[in-house]
Amino acid sequence: MPTEVRLPQWGEMSEATVVRWFKEEGDAVEKGELLLEVETAKVTTEIEAMDSGILVRIFVPEGEKAEVGTLLALIAAPDEVIAEHSQAAAEIETREQEEEKPPLPKSSEVESTRRLQIEPRARRLAQELSVDLETVVGTGPNGRITTEDVKRAKSLPQKNTEDQWIPLSGRRQVIAERMLQASRETAQLTLFAEADVTVLALLQEKLRNRGIRPLHVAIKATAEALKEHPNMNAHIKGNKMRIFPAVHIGVAVDAEEGLIVPVLKDAETKSVSVIAKEVSMLAEKARNGTLDVMDASGGTFTVTNLGGLGIHAFTPIINQPEVGILGIGRMRETPTLSRGMVLNHYTMWLSLTFDHRAVDGAPAARFLNAVAGRLEDLSWLIP
């Protein structure tokens, strides 16, 4: 019997995209050898061959999606006769082949019927120098193009006048689909709160010497607040809501290939120092592409920070099926009037986007205030 290669399930994933096949049909495969690479939850992972043999059929080509359990390929012994596999045949028959559309004519081709007055020598020179005469401005009589005009056009930097079309593929495609799905399927509402983080600002240098940044303090403050407001530490699917006893905070990371969210497990049990070390490690793995699927799975709430990019406040999009996501803005010095005196304080905008299906505005506001309160009064950080 041939060995079926099916898409396994990691965490709560439901589908994945085939990124690359390391083997082609007809290639020999050894047990334990890398067979293909798939992308799920914005993380790429590799699948090994379970048996040795010949890769006789590939059913899901590169770039296509597959649901968990989908038949990806068949591996058979070299002398084995493969019978028609009904499920595989059905999958192949139902896969639509998109027809290539003829390219639209370039603007230069559409306008090429316009008659140009060109000196014969200038035309020959343009061919030799690969200069598009449609882009040359003639300075001769009645706009006639001369050899000098062609030379001048060649010396000028060439402008790209065509639109650039970039396909949304790989991680960018996954991000686009998940963001659209979240906007379409959730009742999202964003609340804003301005926290007075003067004490945190004054402690920045000491904290930095310990490898701790304001983001790490905000993550710990969020974890503590989630323990008091468990309805925010939840998933919602259909008409059911699942509340988690442990706090697993996803931390959005700006990687080269796009946004990725590694998950800090059991954040409520860890000190700020441990959180700083683990978040830094996860961010480094996200940026160098070494995150595994479990590193980016199991989140119960997400924190995203644009303060380092100079953004004051923003409206983050929920990372489904989570109930909420907290956005952190930049820390800035703000003049404040107190008892007739102008004092300089440091403030930070927090933005909480939550799913109104699971949580009403008042409890969401209380949770956001709980986070802000912990950032304003850091006495809870003292052991």
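(A) Representation of the overall build of the chain within the structure. Helix and strand counts for the chain come out as ten helices and 18 strands. The long-range fraction of contacts in the chain, counting pairs at least 24 apart against all pairs at least 6 apart in sequence, stands at 61%. When the accessible surface of the chain is summed, it comes to about 22300 Å², and 51% of that surface belongs to carbon and sulfur atoms.

(B) Representation of the sheet that holds strand S12 (residues 249-251). Taken together, the six strands give an open sheet; going across it, the order is S9-S18-S17-S16-S12-S15, and neighbouring strands pair in mixed fashion. Single-partner strands in this sheet number two, and they are strand S9 (188-196) and strand S15 (263-264). Note: strand S17 (residues 324-338) against strand S18 (residues 341-355), 13 bridges, orientation antiparallel. Bridge pairing in S18 places isoleucine 328 opposite leucine 350.

(C) Inspection of the sheet that holds strand S7 (residues 65-67) at higher detail. Taken in spatial order, the four strands line up as S5-S4-S2-S7 in an open sheet, and their pairing is antiparallel. Every interior strand has two partners, whereas the edge strands, strand S5 (43-48) and S7, have only one. Each neighbouring strand pair of the sheet contributes to a mean axis angle of 40 degrees, computed without reference to strand direction. As paired elements, strand S2 (residues 15-21) and strand S4 (residues 34-40) share four bridges and run antiparallel to each other. Bridging across to S4, tryptophan 21 finds its partner in leucine 36.

(D) Here's a closer look at unusual backbone geometry. That bond from glutamine 320 to proline 321 is cis: its omega, 5 degrees, falls within 30 degrees of zero. Residue placement: proline 321 occurs in the loop between strand S16 (301-305) and S17. Positioned with a positive phi, serine 130 is a non-glycine residue whose angle comes to about 55 degrees. Turning to its location among the elements, serine 130 is positioned in the loop between helix H3 (120-129) and helix H4 (147-155). With a relative accessible area of 65%, serine 130 lands in the exposed category. The phi dihedral of aspartate 266 falls on the positive side, at around 50 degrees, and the residue is not glycine.

(E) Main features of the nonpolar core. Ranked by size, the top nonpolar core spans 48 residues in total, and within it Ile219, Met232, Ile249, Leu326, Leu350, Leu352 and Leu375 carry the most contacts. Counting residues per element, this core draws most heavily on helix H8 (residues 214-228), at eight residues. Other than its neighbours up to four places away in sequence, leucine 352 contacts Leu189, Thr190, Leu191, Met232, Phe301, Ile325, Leu326, Ala364, Phe367 and Leu368. One finds Val29, Leu55, Ala66 and Ile75 within the second-largest nonpolar core, a separate group that totals 19 residues.

(F) Looking closely at the pattern of salt bridges. Applying the stated criterion to the full structure yields 13 salt bridges. Taking the shortest distance from any N to any O, the salt bridge between glutamate 224 and lysine 220 comes out at 3.1 Å. A residue pair is termed a helical-turn pair when its members lie 3 or 4 positions apart in one helix, as glutamate 224 and lysine 220 do in helix H8 at four residues. Taken individually, glutamate 224 and lysine 220 each receive the classification buried, so the pair is uniform in this respect. Taken together, the salt bridges that share partners define one network made up of Glu15, Lys65 and Glu177.

(G) Structural detail: the packing of aromatic side chains. Under the criterion given, the structure shown has one aromatic pair. Ring plane angle 70 degrees and centroid distance 5.6 Å describe the contact between phenylalanine 301 and phenylalanine 367, whose orientation is recorded as edge-to-face. Taken together, the residues span a long stretch of sequence, with phenylalanine 301 in strand S16 and phenylalanine 367 in helix H10 (residues 361-376) at a distance of 66 residues. You'll find phenylalanine 301 and phenylalanine 367 in the same group, each marked buried.

(H) Broad picture of helix H9 (residues 272-288). Along its 17 residues, H9 runs 24 Å from first to last C-alpha, staying within 8% of the 24 Å computed at 1.5 Å per residue. For H9, the complete set of buried residues consists of Val272, Ile275, Ala276, Val279, Leu282, Ala283 and Ala286. For H9, the angular spread of buried residues about the axis comes to 140 degrees, placing them on one side. If you follow the buried residues of H9, they end up packed against H8, S12, strand S13 (253-255), strand S14 (258-260) and S15. After H9 finishes, the residue glycine 289 shows a positive phi value of roughly 75 degrees.

(I) How the structure looks around the confidence of the model for the chain. On average, residues of the chain carry a pLDDT of 85, and 87% of them reach 70 or more. Taken together, the stretch residues 86-102 has pLDDT below 50 and engages in twelve contacts with residues farther than four places along the chain or on a different chain.

(J) Inspection of the side chain of aspartate 149 at higher detail. Positionally, aspartate 149 belongs in helix H4. Take aspartate 149: its relative accessible area is 2%, and that puts it in the buried class. Side-chain polar atoms of aspartate 149 contact the side chain of threonine 139, separated by 2.7 Å. In contact with aspartate 149, not counting residues within four places along its chain, are Val136, Val137, Gly138, Thr139, Gly140 and Arg144.

(K) Broad picture of the pairing of S18. Summarising the sheet, S9 and S18 pair through nine bridges and their orientation is antiparallel. Along S18, the bridge assignment pairs leucine 189 with phenylalanine 354. Between the antiparallel neighbours S17 and S18 lie two residues, among them arginine 339 with a positive phi of about 55 degrees.

What counts as what
- Residues numbered from 1 in each chain as written.
- Predicted model: local features only at pLDDT ≥ 70, side-chain atom pairs only at ≥ 80, totals over all residues.
- Heavy atoms only, no water.
- Helix = DSSP H or I, 4+ residues; strand = E, 2+ residues; numbered from the N terminus.
- Contact = heavy atoms within 4.5 Å.
- Areas by Shrake-Rupley, 256 points an atom, 1.4 Å probe, with all protein chains shown as cover.
- Pairing = 2+ DSSP bridges.
- Axes fitted to C-alpha atoms, helices over the stretch in contact; angles between N-to-C directions.
- Buried < 20%, exposed > 50% of the residue type's maximum accessible area, 1.4 Å probe, protein only.
- Core = buried A, V, L, I, M, F, W, Y, C linked by side-chain atoms within 4.5 Å.
- Salt bridge = Lys/Arg side-chain N within 4 Å of Asp/Glu carboxyl O.
- Phe/Tyr/Trp six-rings, centres within 6.5 Å; stacked < 30°, edge-to-face > 60°.
- Expected span 1.5 Å × (residues − 1).
- Arc of directions from axis to C-beta.
- pLDDT = per-residue confidence, 0-100.
- Polar contact = N/O pair within 3.5 Å; in protein donor to acceptor, adjacent residues only side chain to side chain.

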